[in-house]
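Here is how the chains run, residue by residue.
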Number of protein chains: 2
Amino acid sequence: MKRLNTIPKEDGFRMPGEFEEHSGTYIIWPERPDNWRLGGKPAQKVFVEVANTIGKYEKVTVCVSKEQFSNARTELAPYVKVVEMSNNDSWIRDCGATFVVNDKGEMRGVDWKFNSWGGLVDGLYFPWDQDDKVAQKMCELEQVDSYRLNDFVLEGGSIHVDGEGTVMVTEECLLSKGRNPEMTKEEIEKKLCDYLGCEKVLWLKEGIYNDETNGHVDNMCNFVKPGEVVLAWTDDPTDPQYQRSHDAYQYLSNETDAKGRKLVIHKLLTPTPILITKEESEGVDSVEGTLPREEGDRLAASYVNYYTGNGFIALPVFGDPHDQLAIETLQKLYPDRKIEPIYAREILLGGGNIHCITQQVPKVKVVDE
Amino acid sequence: MKRLNTIPKEDGFRMPGEFEEHSGTYIIWPERPDNWRLGGKPAQKVFVEVANTIGKYEKVTVCVSKEQFSNARTELAPYVKVVEMSNNDSWIRDCGATFVVNDKGEMRGVDWKFNSWGGLVDGLYFPWDQDDKVAQKMCELEQVDSYRLNDFVLEGGSIHVDGEGTVMVTEECLLSKGRNPEMTKEEIEKKLCDYLGCEKVLWLKEGIYNDETNGHVDNMCNFVKPGEVVLAWTDDPTDPQYQRSHDAYQYLSNETDAKGRKLVIHKLLTPTPILITKEESEGVDSVEGTLPREEGDRLAASYVNYYTGNGFIALPVFGDPHDQLAIETLQKLYPDRKIEPIYAREILLGGGNIHCITQQVPKVKVVDE
């Protein structure tokens, strides 16, 4: 397939909302022992549950290193597609392609530059060369051309779109020194709008407390549908998350989206703070250059990091009293989708959650004038 | 996809003739410097020509190691699909899946055990672990279940079928000590018939002289269509190939196929003997355990190693006076296909030719009773 140098928006392409219909989902198999405890075995079990669950609703492709290919193929359900793909870790939301579509039933990929959440400034591991090839390889598998940005660093988890011209991000991430420090906020806005087919950028100040991605929006706030968002929330003023959530609420209350709509904001209580245990910390290899997982560190747990698919919501739960509330809240927000709760502490221990390990492929359709 | 333990023939599956319609072709990108001279660069140019040429007629997928992915993607035409796949070398005819179909429009893969043309007896390199996974990975990409044979070594180039119950092999290869020495000829016959959906095995004694594959049939003799074969030939009695071709001619003249037909045999003159030059030999890394490429060694050159695809024949030529004769002979045998001659000395230097580096995926169709 071809590499394109034109601008998706000018070519008539836009990123659909995640809630629009998918043709499938991609996942990368976890394995690196300096991020996933016990050689990745506990995390792999949860990734299997995520892949097999989503696979009941839409086609799932799991990308696996050559070393883990046979193991992944054995562990995953037969209806999951398994392909070889080298990687540095398993966050395909962030290193994978962002797919855009037009009204003629065509799809293309956006292949952002990836630098491990901050490059040499505050990146999480080194090197990240294989991660940065994942997007192009996905486009080859999907047989679509791709837009490659050599001059703009972005992770898919740092954006959410409503599919109708609005993209939501955090300043904490997009203005961080490890991304595109040479660009102004206005230049970044233009890049986002150009490559996602948007007209308006909503700038939350921060994401979830202690989120090593520099506060990705996908852990903090999500579009349920155009004009409606769900926001991670806490009522505990002693929690460092409190101010972040309240700031975001206030900001969003005073904003409108690309269509001029006021936003309906649904609060979603975060779980009680979750800390890394001694046993969990000890299971992770210590490697210079990789972010350590230390006992007592607070994890960036949030129910907002769910994945929206065809007829379902894959929701991370934590064995927390707020689990049930999250299930009920989302069931009301998504009356036509089945809520699939998955106990996801092992993904959280690696630094993200279900939304971070998935990437949707939209279903293309011809739109009549 | 699933691994199956049943028998293709009993399940109603057969391997179609290569001349039947394809849905596509697979190729592996060459790179190992102890087999391909000058880091594989001259061979890569020819592989590109083969892939791009076939790609004009049917979908081509090129499988590439992570190290060569970007280079291959850049060199190949955009209409060629490029996927990551680890390998030990680039002979997908031999290590790849053999696809079988049934009359209901279904396809499955046969995943023979691969041991580098002779394992620890007379194999050509060590290890061959990644080659042996290629067939399963192809089946994942095609999303078909596969039959895995852990107890039977076979390369796809050591068989040719007419799609109507006949499989043709050589004793030189299939009875060699490096394949299945613990099996009788009758047991091997049964295995071939069971997994290819055949009733009759034609046993040529030998293949092409000095063929390092232990005389693969695909360099020696091919089915033009059921009841009709093309045979590598020489009229020079001083050529060690002479006796081999004459023995095969005599054998085939006295045999019938699975349908009881006498075979029509077309002779195809081999090129004048081709030897490795000093310069060619010096471009290959010397690695213990890999077959060396020595100056003066005779190459197993044969026009029979062509690939039959949808509307074309990809024919290796050598800058030899017999090239034109081969083109004309095949054009007469395949009046409805365009002959695409490709100067293929660089593939030959690696130990095979166009048929050895390609593997067809048949087009499935529902056959009315």
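Residues numbered from 1 in each chain as written. Chains lettered and ligands numbered in written order. Predicted model: local features only at pLDDT ≥ 70, side-chain atom pairs only at ≥ 80, totals over all residues. Heavy atoms only, no water.

Chemist: Looking at this structure, how should I read the overall build of chain A?
Modeler: Along the backbone of chain A there are eleven helices and 17 strands. Viewed in the frame of its principal axes, chain A has a C-alpha envelope of about 55 × 50 × 45 Å. Counting every position in chain A, which comprises 369 residues, the buried fraction comes to 64%. With the model as given, the accessible surface of chain A reaches about 13,800 Å², and the carbon-plus-sulfur share is 49%. (Helix = DSSP H or I, 4+ residues; strand = E, 2+ residues; numbered from the N terminus. Buried < 20%, exposed > 50% of the residue type's maximum accessible area, 1.4 Å probe, protein only. Areas by Shrake-Rupley, 256 points an atom, 1.4 Å probe, with all protein chains shown as cover.)

Chemist: Looking at this structure, how should I read the interface of chain A and chain B?
Modeler: Interface size is commonly expressed as the accessible area that is lost once the parts come together. Across the contact, 22 residues belong to chain A and 22 residues belong to chain B. When the two sides are added together, the surface that chain A and chain B hide from each other amounts to roughly 2,000 Å², 50% of it contributed by carbon and sulfur. Our enumeration of links across chain A and chain B arrives at four salt bridges. Connecting chain A to chain B are 14 residue pairs in polar contact (both at pLDDT 80 or more). (Contact = heavy atoms within 4.5 Å. Buried area = accessible area lost by both parts, 1.4 Å probe. Salt bridge = Lys/Arg side-chain N within 4 Å of Asp/Glu carboxyl O. Polar contact = N/O pair within 3.5 Å; in protein donor to acceptor, adjacent residues only side chain to side chain.)

Chemist: It is not clear to me how the pattern of salt bridges should be interpreted in this structure. Could you clarify?
Modeler: Oppositely charged side chains can pair when the atoms bearing their charge come close. Residues and elements named next belong to chain A. Tallied over the full model, the rule gives 53 salt bridges over all chains. Salt-bridge contacts for Arg345 lead to Glu280; the nearest nitrogen and oxygen are separated by 2.6 Å. In this pair, Arg345 sits in helix α11 (residues 345–349) while Glu280 sits in helix α9 (residues 278–282), placing the two residues 65 residues apart along the sequence. Of the residues examined, Arg345 reaches a relative accessible area of 18% and is grouped as buried. Each of Arg3, Asp111, Asp132 and Arg148 takes part in one network of salt bridges that share partners.

Chemist: Would you explain the relation of the copies chain A and chain B in this entry?
Modeler: The second copy of the chain is related to the first by a rotation about an axis and a shift along the axis. Mapping chain A onto chain B leaves a residual RMSD of 0.0 Å; the transformation is a rotation of 180° accompanied by 0.0 Å of translation along its axis. What we have between these two chains is a two-fold relation. Within chain A, Glu84 of chain A has its C-alpha nearest the rotation axis, a separation of 3.1 Å. A share of 100% of interface residues in chain A that are also interface residues in chain B marks the association as one of identical surfaces. (Least-squares fit on C-alpha atoms with pLDDT ≥ 70 in both.)

Chemist: Would you mind showing me how to read the sheet that holds strand β5 (residues 98–101) of chain B here?
Modeler: Where strands meet in a sheet, backbone hydrogen bonds hold them as pairs that are either parallel or antiparallel. Residue and element names in this part refer to chain B. Spatially, four strands are ordered β1-β7-β6-β5 in an open sheet, and the strand pairing comes out mixed. The open sheet has two free edges, formed respectively by β1 (3–4) and β5, since each of these has just one partner strand. Inspection of the sheet shows β1 paired to strand β7 (residues 146–153) by two bridges, in the parallel sense. Of the residues in β7, the one forming a bridge with Arg3 is Ser146. Helix α5 (residues 131–142) contacts β1, β5, β6 (107–113) and β7 of the sheet and is inclined by roughly 170° relative to β6. Sitting on the sheet, helix α7 (residues 185–196) is in contact with β5, β6 and β7, with an inclination near 170° to β7. (Pairing = 2+ DSSP bridges. Axes fitted to C-alpha atoms, helices over the stretch in contact; angles between N-to-C directions.)

Chemist: Help me understand the environment of Pro316 of chain A in this model?
Modeler: Residues and elements named next belong to chain A. Mapped onto the elements, Pro316 comes out in strand β15 (residues 312–317). On a C-alpha basis, the gap between Pro316 and Val304 in space is 8.5 Å, while along the polypeptide they are twelve residues apart. If near-sequence neighbours (up to four positions away) are discounted, Pro316 is found in contact with Ser302, Tyr303, Asn305, Tyr306, Ile342, Ala344, Asn353 and Ile354.

Chemist: Is there a simple way to explain helix α7 (residues 185–196) of chain A in this structure?
Modeler: Residues separated by three or four positions in an α-helix point in the same direction, a consequence of the helix having 3.6 residues per turn. Taking 1.5 Å per residue as the helical rise, α7 of chain A with its twelve residues ought to reach 16 Å, and the 16 Å between its terminal C-alpha atoms agrees with that figure. Every buried residue of α7 of chain A is listed here: Ile188, Lys191, Leu192, Cys193, Asp194, Tyr195 and Leu196 of chain A. (Expected span 1.5 Å × (residues − 1).)

Chemist: In this structure, what is going on with the packing of aromatic side chains? I would like to understand it.
Modeler: Note on aromatic pairs: each is described by the distance of the centres and the angle between the planes. What the rule picks out here adds up to 26 aromatic pairs over all chains. Grouping aromatic residues by their ring pairs yields a cluster made of Trp112, Tyr147, Phe152 and Tyr195 of chain A. We note Lys267 of chain A situated over the ring of Tyr249 of chain A; from NZ or CZ to the ring centre the distance is 4.8 Å. Positioned above the aromatic ring of Trp233 of chain B is the side chain of Lys267 of chain B, whose terminal nitrogen or guanidinium carbon lies 4.3 Å from the ring centre. (Phe/Tyr/Trp six-rings, centres within 6.5 Å; stacked < 30°, edge-to-face > 60°. Lys NZ or Arg CZ within 6 Å of the ring centre and 35° of its normal.)

Chemist: Even after reading the chapter, I still don't get the environment of Leu76 of chain B, so can you show me in this structure?
Modeler: Residue and element names in this part refer to chain B. On the secondary structure map, Leu76 appears in the loop between α2 (69–75) and β4 (81–84). A sequence separation of 32 residues divides Leu76 from Arg108, and the C-alpha atoms of the two residues are 28 Å apart. Dropping the residues within four chain positions of it, Leu76 is found in contact with Trp29, Val48, Ala51, Asn52, Val62 and Val82.

Chemist: How do you make sense of the environment of Lys200 of chain B when you look at a structure like this?
Modeler: All names here are of chain B. Relative to the helices and strands, Lys200 is located in strand β10 (residues 200–204). Each C-alpha atom of the pair Lys200 and Ala97 lies 21 Å from the other, and the pair is 103 residues apart in sequence. Those residues in contact with Lys200 that lie beyond four places of it in its chain are Gly165, Thr166, Val167, Cys193, Glu255, Thr256, Asp257 and Ala258. Reaching out from Lys200, the side chain makes a polar contact with the backbone oxygen of Thr256 at a distance of 3.0 Å.

Chemist: Help me understand the sheet that holds β15 of chain A, please; the structure alone is not making it clear to me.
Modeler: All names here are of chain A. Taken together, three strands build an open sheet; the order of strands is β14-β15-β16 and the sheet is mixed. The outermost strands of the open sheet, each flanked by one partner alone, are β14 (307–309) and β16 (338–343). Strand-to-strand twist in this sheet, taken as the mean axis angle between neighbours without regard to direction, amounts to 25°. As paired elements, β14 and β15 share three bridges and run antiparallel to each other. By the bridge assignment, Tyr307 is partnered in β15 with Ala314. Helix α1 (residues 41–55) rests against β14, β15 and β16 of the sheet, and its axis sits at about 170° to β16. The sheet strands contacting helix α10 (residues 323–333) are β15 and β16, and the helix crosses β15 at an angle near 160°.

Chemist: Got a minute to help me understand unusual backbone geometry in this structure?
Modeler: Leave glycine aside and you will find that most residues have negative phi; peptide bonds, for their part, are mostly trans. All names here are of chain A. Cis rather than trans, the peptide bond between Phe126 and Pro127 has omega equal to -5°. Note that Pro127 resides in the loop between α4 (119–122) and α5 (131–142). In this structure, Leu38 is a non-glycine residue whose phi angle is positive, near 55°. The topology assignment puts Leu38 in the loop between β2 (22–28) and α1.

Chemist: Looking at this structure, I do not really get the nonpolar core. What am I missing?
Modeler: Ranked by size, the top nonpolar core spans 104 residues in total, and within it Ile347 of chain A together with Ile347 of chain B carry the most contacts. Residues contacting Ile347 of chain B, with those up to four places away along its chain left out, are Trp36, Val46, Phe47, Val50, Trp91, Gly352, Asn353, Ile354 and Ile357 of chain B. (Core = buried A, V, L, I, M, F, W, Y, C linked by side-chain atoms within 4.5 Å.)

Chemist: What should I look at first to understand the confidence of the model for chain A in this one?
Modeler: Here chain A averages 97 in pLDDT, while 100% of its residues score no lower than 70. With a pTM of 0.95, the predicted complex shows an ipTM of 0.93. (pLDDT = per-residue confidence, 0-100.)

Chemist: What is the right way to look at the side chain of Gln68 of chain B in this model?
Modeler: Note on placement: Gln68 of chain B falls in the loop between β3 (59–64) and α2. Each residue touching Gln68 of chain B, except ones within four places of it in the same chain, is listed here: Trp29, Glu31, Lys41 and Gln44 of chain B.

Chemist: Sorry, what's going on with the pairing of strand β11 (residues 221–225) of chain A here?
Modeler: Side-chain direction in a regular strand flips from residue to residue, so the side chains alternate between the two faces of the sheet. Residue and element names in this part refer to chain A. A large share of β11 lies buried, amounting to four of its five residues. As judged from the four bridges shared by β11 and strand β12 (residues 228–233), these two strands associate in the antiparallel manner. Considered in β12, the bridge of Lys225 is made with Glu228. Hairpin connection from β11 to β12: two residues lie between these consecutive antiparallel strands, with Gly227 at a positive phi of about 90°.

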